[in-house]
Amino acid sequence: MIKQEKLRVIGVDCPTCVYVIKRNVLKLGGVVGFDLDASTGEAIVEYDDSKTTLRDIYLAIRDAGYDVEKKTVNIYLYIEPEEYPLLENRILRTNGVLDFGYNPVNHVAKITYNPRVTTSNTVLRELSNLGVKYSEAGELVHKKREMGVFYRRIASFTIGIVALVLGMSSMLFNVTLGYTLLVLALLVIILSHDILVRGFKSLLYLRPTMESLITLSSISTFTIGLILFVIGHHEHNTGSLFEASAGVLGFVSLGLFLEERLRYRALSHLSDLEKALHGKIRVIRNNEVVEIGVEEASIGDIVEVKAGDKILVDGVVIEGWGYVDESMFTGEPEPVFKTAENRDFVLAGSILVSGYLRIRATRVRDETVLSNILESARTAVFYKPGFQRVADRVIGFLTWIVVAIAIMTFTAWYLVTRDLVLSITIMASVLAITCPCPLGIAIPLAVSIGVIKASKNQVLIRRGDLFERMMKANALILDKTGTLTLGKPVVSDFVVYGNNTRSRVLELTCSVESRSEHPLARAIEEYCRENNIVVEDPEYYEHIPGLGVIGRVNGFEVVIGSLNLFENMEFKIPVEVVDVVRKIGEHGGTPVLVGVNGEVVGVFEIRDKLRGEALSVIEYFRQNNLRTGVLSGDIEASVEYVKKSLNLDFAYASLKPVDKARIIRELQSKGLLPIYVGDGVNDAIAINTAFIGIAMGRAPDISREAGDAVLLNNNLESLKNLYCLSRRVVKTAKINLFWAFIYNATLIPVAAGILYPYTGLILGPELAALAMILSDISVVLNSTRILVSRECR
C-alpha cells in the first residue's frame, strides 16, 4: 500500500543538501517519490509500506548527516524478549512512527514519532489495541521483583521438586500417588498463574512467546492427565503427566528468579548511578549556608562540601582543598587531590574523603556527566547491531515453527504408538526445550553490560551498535589541537612588525580574543595577563570557523588567525612574515597572525605538546590494520611535523570544518570506514559525518551531542580500551547467539524422542525446561564476564 508522510528535515540550507538526502532516500526500494524544500526543510515522501518503512527513510536521512523533527516517549513494556520482533513490525507500520526500540534487559521501550503526523497518545493507543500492557518507565534501570513474586517463585520450584521426587518414588516402589501429584500440580499452576496468563494472552493475540510455549507444555500435560485421571485410566500412569506439568513450571519459576537476580547484579552499577543523583546539598545563599534538594540547584550556585559528603553537582573548586574518591568513574581506589588553586573540576557522584571544598556548579541535574552516563546506558541498546536484527527475524518465526514441530511430533508418535501419554509427554518436551528466550537476551545483555563497562572506564557510549561498527572500521582519523595534543597551548614567542608598539598590538589582539573559546585564543589571553595588558570590550566580533576571528576595537579593524584567513582576505603579506610562519610550522608550532586595518602587524608562535599516550595509541591501531591520519585547521608545516612524529599514514592541513567533513566523505567513497576523534566546535560536522564519531570529554556540547561516544577523561588510552572492549562485546554476543542456536538445533531432536526407539529413554518436559533455563542462565553468566575482564594494555 502506498503511503504519504510529511516530514521536516533539520539542517537543510542548500540545494546540495537536498541532493545528498534525496539520493540516500531514493536508494530505498519502496520509495516512490521524495520532495524536499531547501528553504523550509519541509518534505513529502511517498513509499510502499510493504517494501520499506518510515524508519528506513528516517535512518537514510540520518545517514546523509541530517535529522528530522521528532519526539520520543519512553515506556515500560510487559512483554518477553521474543515478542519484540513481531511487535516491532506492527508498531513500525503505524502512521508517524519513525523508530521503535526495546531493551529486553530492563523492558524499557523508546518510541520515536513524527509530531506532524501523530501523537504519543495515538501511538500508545495502538499498543493497547495490540493487547500490550505498558506503564510509564521507572527511574531505575532495573527493579527487584516484589517480595510476593519472590516467595511464589521459590514455592513453585519447591513444590515442583517434591512432585518430581514423589513421581520417581511411585515408579520405583509401584505406589499410586495420583491424588497427591494432582494436588501438587494444581498448587504449582496456581503459584505460576502470572506466567500462564501472559502465555495465553500472547497466544490469543497470535504473538506466541517463551511463556506461550511453557503454557502449552504444562497445561497440555496437566489437562490430558486430569481427563485420564477422572475417567479412571490409572493404568496409563497419569501421575507422570501431573509430575511433568509441576516440574516444568517449577523449573521455569526457578529460572526466572535466578535470571532476574543475575541480571540485577550485572546491572547494579546503574542502580548505584541512579542513587548517586539524589540527595541534599548545602549552597551559599545571601551569605548563608542553606540546605536544599539537589533538584533545586542551579548553574552558578556555590556548593559547600565537607569530608564524607557526596558531591551531587559537576563544578569547579573555588575554595579549599581535599581528596576526592572518583572510583565510580575511574575504578581507581586512590582518592584524587583537588584544590581551588588549580581550579580543579569535580563530578557529581564522587565523594570528598577528606578536606573542605566550595564548588561553583557548572552542570546540575540531567546535565551532569553522571546523568549522561546513566541516560546513555539506558538508551544505547536501542541501536541494534546488525546480527541482532538477524536474531530478531529468527525469533519472530521460531515460536510458530516450534508449535508446528510439537504438533507434528505429537501426531507422529500417536500414530505409531497409539500411546496418548507418551505422545503428550514428547510434545510437551519439544515445547519446553525450544523456548527462544536465550536468543532474545543473547545480544542486548552483552551490549548493555558493555555500555556499563565502558562507563566505568570513563567512556560514554551513545549508541549500542558502536561495538559492532568499531570492528568494521578500517581507519582512525584525529583532529590535532586538543585531541592529539594536550589542548593547553602556550605562546612561546611574539614578533611585532612595522612601527607598531608591542603593547598596543597586544591590547587590540586580546580585546578581540576575549570573546573566543578556542584553545589558541586562551593561550593568547594568558600571555596578555602575564604581560599586564588591559583588555577592552570589542565593538564588533565575528568567529570564522577553522580560520580565526575578526573584530573592531576603538575603530581599529582587527583580524587574528591563520595564514589562510589573511590570504582569503587579500592581505599583503611580507616575505619575512611568510618565512617566519614556515619556520614555526617546521618546528611543530602554530603561527597566529595579527592584522590591523589591512596590515600584518604581528605573529604569535604557539606551541602545544603532543599527548604522551598518542604514539602508543596510534601504534596499537596500526597493529590492528587501521590506517591512521590527522585532519587539522593548522598550517601544513605544523601538521606535517605531527604526521612524522606519530608515523601517521596521511595528513590534511589548513582545513575549515566543512573541509574536514568533505574529506571524510571522500575517504568513505574510496572504501574507508573511519573513526573520527575531535574536541572542538570545528569538529562537530566531521564527527557527525564519520562512520564512527567520538568526542573528547572537554568538547563543547555540540560536538558531544554529535558523537557516538565521548572520552570523558580526555585520554586517548580510553580509545584503545574502547576498541578492545568492542572486540570483547561482539565476541561475547556472537558466542551467546551461537550457543543459543546450537542448543535449540541439538536438543529439539532429543526432545522429539529420536533416542527412544534405541534406548527407551525420553527427555521429560521437566528436564527439557531445566535444560532451557540452564541455557538462559549460561547466556547471562557469559555476558557478565565482560564486567570482570581486564583492560587492554
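Reading the values: rules and limits
- Residues numbered from 1 in each chain as written.
- Predicted model: local features only at pLDDT ≥ 70, side-chain atom pairs only at ≥ 80, totals over all residues.
- Heavy atoms only, no water.
- Helix = DSSP H or I, 4+ residues; strand = E, 2+ residues; numbered from the N terminus.
- Buried < 20%, exposed > 50% of the residue type's maximum accessible area, 1.4 Å probe, protein only.
- Contact = heavy atoms within 4.5 Å.
- Areas by Shrake-Rupley, 256 points an atom, 1.4 Å probe, with all protein chains shown as cover.
- Phe/Tyr/Trp six-rings, centres within 6.5 Å; stacked < 30°, edge-to-face > 60°.
- Pairing = 2+ DSSP bridges.
- Axes fitted to C-alpha atoms, helices over the stretch in contact; angles between N-to-C directions.
- Polar contact = N/O pair within 3.5 Å; in protein donor to acceptor, adjacent residues only side chain to side chain.
- Parallel < 35°, antiparallel > 145°, perpendicular 65-115°, else oblique.
- Left-handed = near helix turned anticlockwise from the far one by under 90°.
- Nonpolar A, V, L, I, M, F, W, Y, C, P; charged D, E, K, R; others polar.
- Disulfide = S-S within 2.5 Å.
- Lys, Arg positive; Asp, Glu negative; His and termini not counted.
- Salt bridge = Lys/Arg side-chain N within 4 Å of Asp/Glu carboxyl O.

Student: How would you explain the overall build of the protein chain if you had to name every residue and give the values?
Tutor: A count of helices and strands for the protein chain gives 29 helices and 28 strands. Every one of the 793 residues in the protein chain was classed for burial, and the buried ones make up 55%. A separation threshold of at least 6 residues defines the contact pool for the protein chain, and within that pool the share at least 24 residues apart is 69%. Taken as a whole, the protein chain presents about 34,400 Å² of accessible surface, with 55% of it coming from carbon and sulfur.

Student: Tell me about the packing of aromatic side chains, and name the residues and values.
Tutor: Scanning the model with the defined rule gives 12 aromatic pairs in all. Between the aromatic rings of phenylalanine 494 and phenylalanine 604, the centroid separation amounts to 4.2 Å while the plane-to-plane angle is 20°, which identifies the pairing as stacked. In this pair, phenylalanine 494 sits in strand E18 (residues 490-496) while phenylalanine 604 sits in strand E23 (residues 599-607), placing the two residues 110 residues apart along the sequence. Of the two residues examined, phenylalanine 494 and phenylalanine 604, each falls in the buried class.

Student: Which residues make up the sheet that holds strand E22 (residues 590-596), and what values go with them?
Tutor: With respect to topology, six strands assemble into an open sheet ordered E18-E23-E22-E21-E20-E19, the strand pairing being antiparallel. Looking along the sheet, the strands with just one partner apiece sit at the ends: E18 and strand E19 (540-544). Each neighbouring strand pair of the sheet contributes to a mean axis angle of 15°, computed without reference to strand direction. Sheet topology note: the strand E20 (residues 548-553)/strand E21 (residues 556-561) ladder contains six bridges and is antiparallel. Bridge pairing links valine 549 to isoleucine 560 in E21.

Student: Which residues make up the side chain of aspartate 99, and what are the values?
Tutor: Turning to its location among the elements, aspartate 99 is positioned in strand E6 (residues 97-103). There is a polar contact of 2.9 Å between the side chain of aspartate 99 and the side chain of arginine 55. Setting aside its immediate chain neighbours within four residues, aspartate 99 contacts Arg55, Tyr58, Leu92, Lys110, Ile111 and Thr112.

Student: For the packing of helix H21 (residues 575-586) against helix H23 (residues 636-646), give the residues involved together with the corresponding values.
Tutor: At a minimum axis distance of 7 Å, the contact between H21 and H23 shows a crossing angle of 15°. When the axes of H21 and H23 are compared, the pair comes out roughly parallel. With respect to the hand of their crossing, H21 and H23 are arranged in right-handed fashion. Along its contact with H21, which presents Arg582, Gly585 and Glu586, the element H23 presents Ala637, Ser638 and Tyr641. Here the residues of the contact of H21 with H23 sort into two nonpolar, two polar and two charged.

Student: Before we move on, could you go through the state of the cysteines and cite the residues and values that matter?
Tutor: A complete count under the given rule lists one disulfide for this structure. Across a sulfur-sulfur distance of 1.4 Å, cysteine 510 and cysteine 528 are joined as a disulfide pair. Taken together, the positions of cysteine 510 in helix H18 (residues 502-513) and cysteine 528 in helix H19 (residues 519-530) put the pair 18 residues apart, joining distant regions of the chain. No difference in accessibility class separates cysteine 510 from cysteine 528, as the two residues are buried.

Student: Outline the side chain of glutamate 513, listing residues and values.
Tutor: Tracing the chain through its elements places glutamate 513 in helix H18. Lacking a salt bridge, the buried glutamate 513 has arginine 522 as its closest oppositely charged neighbour, with an N-O distance of 10 Å. Aside from chain neighbours lying at most four places away, what touches glutamate 513 is Ala521, Ile524, Glu525, Val549 and Ile560.

Student: Give a description of the packing of H18 against H19 that names residues and reports values.
Tutor: Between H18 and H19, the shortest axis-to-axis distance is 10 Å and the interhelical angle comes to 135°. In terms of their interaxial angle, H18 and H19 are classed as oblique. Seen along the crossing, H18 lies across H19 with a hand that is left-handed. Contact residues: H18 offers Arg502, Leu506, Thr509, Cys510 and Glu513, while H19 offers Ala521, Ile524, Glu525, Tyr527 and Cys528.

Student: Give me the sheet that holds strand E26 (residues 674-678): which residues, what numbers.
Tutor: Within the open sheet, the seven strands sit side by side as E16-E28-E27-E26-E17-E24-E25. Their pairing is mixed. With one partner strand each, in any of the chains shown, strand E16 (459-461) and strand E25 (650-652) form the two edges of the open sheet. Ignoring strand direction, the axes of neighbouring strands in this sheet form an average angle of 20°. Here E26 pairs with strand E27 (residues 692-696) via four bridges, running parallel. Residue pairing in the sheet places glycine 678 in a bridge with alanine 695 of E27.

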